[in-house]
Amino acid sequence: MSTLSFPGNPRSLFVVASVGVASLMALALLSLGAGSSNSSDKQRTGKRKPSRRRKPKVYLRGLYNLGNTCFMNSTLQSLASLDAFNAYVERCIALLPDSDRNSVDAAIAVQLKHVLDLLSPQLSRVSAYSPRSLINSLSHKGRWIASRNEQDAQELFQMLSSTLQSVVRNAETSLFDSGFLTQHLPIENGIVSTSQQSDGDDVAKNDSPSSSPLAASQSSFASARAVLENPLLGMAASRTACVRCGYIEAIRHSTFDNLSLTVPRAHTTSIEECLAMYTVIDRLDDFKCRHCSIVATLARVKQDIATCDSDLAAQDRTSKRAKRVAATAATLREQQRVLDDALANNPEADLPGIQLASPPPSVSTRQTMIARPPKILVLHLSRSIYLPTGGTAKNPACVQLQRFLDISPFTTTGHISTNASTPISGPAVPVNKYSAESLAEIRRRNCLYRLSAMVFHSGAHDSGHFYAYRSVKAANSDDAQTGSNNILTDSDQWFMVSDIRTVEVSLESVLDAGNGYLLFYERV
């Protein structure tokens, strides 16, 4: 260091120059070595290392809060992420008859489609939108929509669903109009007829049922019904069984567009536990069994017949009283025949002129299961707690979620149980539900779902804020071409949307949020 401090010393200058030259040579050798190493790597591999392709940036449009309208904004954002629902709304509008386009329901459907289109993912930043026109249309159906009070997201969803079903019913009615039939078949004097044929072979060909005009019209109507199929609608099966006599009423089916699930009063629970509570076998202590009523009535009728027979044996059969007793006995025997036939064939059959007895209430069981899973499964987590004081509070239980949901344990199969103490149907899939064979079976039964969106609520029971988590599907995702081995892969992006604020979040943060209110699942 001392030699470097005296620039006037020639020896020092020589040392400095030597060190500088040596350093430059070393740097040159290092760069040449690195370059030769890279070139040798290229020569060995023959190609560059694959680079990760970045996902295109996606932006979502927010919605202005026009005065406690977060319940609407969150619901619309969730519905916008459901491809089948968006296609359904578009089909409903396309099939609107001209006579119905000015109705309230049609105006709501048109405005809904407009908002859903605006909420689709964008490749550039977009400004927020004010859904005032949709609110004005909805207010003609329910004035509570336009009020500035706290409202419920599930009630809005049910209003939108029922409105679209009303549009579909009107469209189905229009299918029978001559305007629809004219597009498919020639009409003469209001009667469906065939076109004139030039030879007998053509006439004979059209005489077959498959090529007849009626068959063609039925096929067109069936295809139109398929187009108008509501992806939200599923079917539930309910069974009521008497424990005392073992009689099971006819299984009753009903449609649903969402299932309301009671959330257990626990610190942490799961969506599977909520579904298990929905399908649990309930015990009813005041049930009036029809089979037991018929049995009791039959016993009473037989006793009355025996009384009439004893009276006839002690009287002159030619007297007026004896004739009345004989007529009564004949009526009772006819009732006995009808009751015996009902017990043997159909206890639910009408029994005109017979007043059923009321036996003591018996113990029965009732269970509801999913009979036909919908394309879009909407689950409403009911968090209301009714207090002894008469008030209500919010159940703050954390409901744990998974990206994929298998509902096969909660659906019916082709095997129906006749035991009042066992479920309507037993499990039909192996325990290892994520094996290739089990996944194929679950998909065949339409029981595997993927979480697509959620409406969350923060705050108390009567106040708070609704916001949404919604997914954006990857550009190359295609469920139809996805095999059973990789259907559990996930490349979607997730966003938290709160009115005009949109933030990209991780899937883990969505599943761990815990305070879900409306869950939207799409069938895989």
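Rules behind the numbers
- Residues numbered from 1 in each chain as written.
- Predicted model: local features only at pLDDT ≥ 70, side-chain atom pairs only at ≥ 80, totals over all residues.
- Heavy atoms only, no water.
- Helix = DSSP H or I, 4+ residues; strand = E, 2+ residues; numbered from the N terminus.
- Buried < 20%, exposed > 50% of the residue type's maximum accessible area, 1.4 Å probe, protein only.
- Contact = heavy atoms within 4.5 Å.
- Areas by Shrake-Rupley, 256 points an atom, 1.4 Å probe, with all protein chains shown as cover.
- Pairing = 2+ DSSP bridges.
- Axes fitted to C-alpha atoms, helices over the stretch in contact; angles between N-to-C directions.
- Patch = residues over 30% accessible without salt bridge, like charges linked within 9 Å, V, L, I, M, F, W, Y side chains within 5 Å.
- Salt bridge = Lys/Arg side-chain N within 4 Å of Asp/Glu carboxyl O.
- Lys, Arg positive; Asp, Glu negative; His and termini not counted.
- Charge placed at Lys NZ, Arg CZ, Asp CG, Glu CD.

Caption draft 1: Inspection of the overall build of the protein chain at higher detail. Tallying secondary structure elements over the protein chain gives 14 helices and 18 strands in all. The buried share of the protein chain, reckoned over its 524 residues, is 40%. A sequence separation of at least 24 residues applies to 75% of the contacts in the protein chain between residues at least 6 apart. Accessible surface for the protein chain amounts to roughly 29300 Å². Of this, 53% is attributable to carbon and sulfur atoms.

Caption draft 2: Fine view of the sheet that holds strand 8 (residues 362-372). The antiparallel open sheet is built from four strands, whose spatial order is 4-3-8-7. Two strands lie at the open edges of the sheet, namely strand 4 (252-256) and strand 7 (282-287), each paired on one side alone. Sheet twist, expressed as the mean angle between neighbouring strand axes with direction ignored, is 30°. As paired elements, strand 3 (residues 234-242) and strand 8 share eight bridges and run antiparallel to each other. Looking across to strand 8, one finds that Ser238 is bridged to Thr368.

Caption draft 3: Up close: a positive patch on the surface. Where like charges cluster on the molecular surface, the positive patch consists of Lys320, Arg321, Lys323 and Arg324. Relative to the helices and strands, Arg324 resides in helix 12 (residues 320-344). Judged by relative accessible area, which is 54%, Arg324 ranks as exposed.

Caption draft 4: Main features of the side chain of Ser362. Considering the arrangement of structural elements, one finds Ser362 in strand 8. Given a relative accessible area of 2%, Ser362 falls into the buried group. Sequence-distant contacts of Ser362, defined by excluding residues within four places in its chain, comprise Cys242, Arg244, Leu284, Asp285, Asp286, Phe287 and Cys289.

Caption draft 5: Focus on the environment of Ser124. Assignment of secondary structure puts Ser124 in the loop between helix 4 (104-118) and helix 5 (132-139). Remark: the alpha-carbon pair of Ser124 and Leu60, spanning 64 residues in sequence, is separated by 8.9 Å.

Bear in mind that shape data such as this cannot, by itself, settle questions of function.
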